[in-house]
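# Overview (structure and organization)
Okay, here's what each chain looks like letter by letter:
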Amino acid sequence: MGEVVPLPVRREPPQHTELPQRDGVEPLWRESVGRELREERQASQRRLVDVAEEAGVSPQYLSEVERGLKDPSSELLAAMAGALGLSVADLASRVASAGKSLHTPLCLAA
């Protein structure tokens, strides 16, 4: 199965939407997902309020997800991704690809 790699535990909340390397700590799944959702929303030139309404969530909640502060359920993640024309599989692929470009491991499950 392979060797077990201990992952450092992050104790402080993220302070901004960029995912810089901090003492070798990989970005959390929720931070990477949030970044991808925000990038897609901005690339499609849509307002947070409009995407939130289409997804059936509050603008505040979508903002917190985009900033990596909330870890949405699979149902809410599907709704938010769907409002942007993405499937959860598309979103996960993007997150995994972005994680590879950071040259760090990406924790997909805790």
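What comes next concerns the included structure. (Residues numbered from 1 in each chain as written. Predicted model: local features only at pLDDT ≥ 70, side-chain atom pairs only at ≥ 80, totals over all residues. Heavy atoms only, no water.)

Right, let's get into the overall build of the protein. Across its full length, the protein holds 5 helices and 0 strands. Secondary structure elements of the protein occur, N-terminal to C-terminal, as α-α-α-α-α. Classification of the 110 residues of the protein by burial places 36% in the buried group. The long-range fraction of contacts in the protein, counting pairs at least 24 apart against all pairs at least 6 apart in sequence, stands at 55%. (Helix = DSSP H or I, 4+ residues; strand = E, 2+ residues; numbered from the N terminus. Buried < 20%, exposed > 50% of the residue type's maximum accessible area, 1.4 Å probe, protein only. Contact = heavy atoms within 4.5 Å.)

Turning to unusual backbone geometry, a few remarks are in order. One non-glycine residue with positive phi stands out, namely Gln45, at about 55°. Here Gln45 shows up in the loop between helix H1 (29-43) and helix H2 (48-55). Residue classification places Gln45 among the exposed residues on the basis of a relative accessible area of 74%.

Further remarks concern helix H4 (residues 74-83). Of all the residues in H4, the buried ones are Leu77, Met80, Ala81 and Ala83. Down the axis of H4, the sector holding all buried residues measures 160°, keeping them to one side. Facing away from the buried side of H4 by over 90 degrees, the exposed positions are Ser74 and Glu75. (Arc of directions from axis to C-beta.)

Scanning the entire structure with this criterion turns up 7 salt bridges. Residue Glu39 is joined to Arg35 by a salt bridge in which the shortest nitrogen-to-oxygen separation is 3.8 Å. Within this pair, Glu39 and its partner Arg35 are both found in helix H1, separated by 4 residues, close to a single helical turn. For Glu66, the salt bridge identified is with Arg41, shortest N-O distance 2.7 Å. With Glu66 in helix H3 (residues 59-66) and Arg41 in helix H1, the pair connects residues that are 25 residues apart, well separated along the chain. Neither Glu66 nor Arg41 differs from the other in exposure class; each is buried. Counted as one network, the salt bridges with shared partners bring together Arg35, Glu36 and Glu39. (Salt bridge = Lys/Arg side-chain N within 4 Å of Asp/Glu carboxyl O.)

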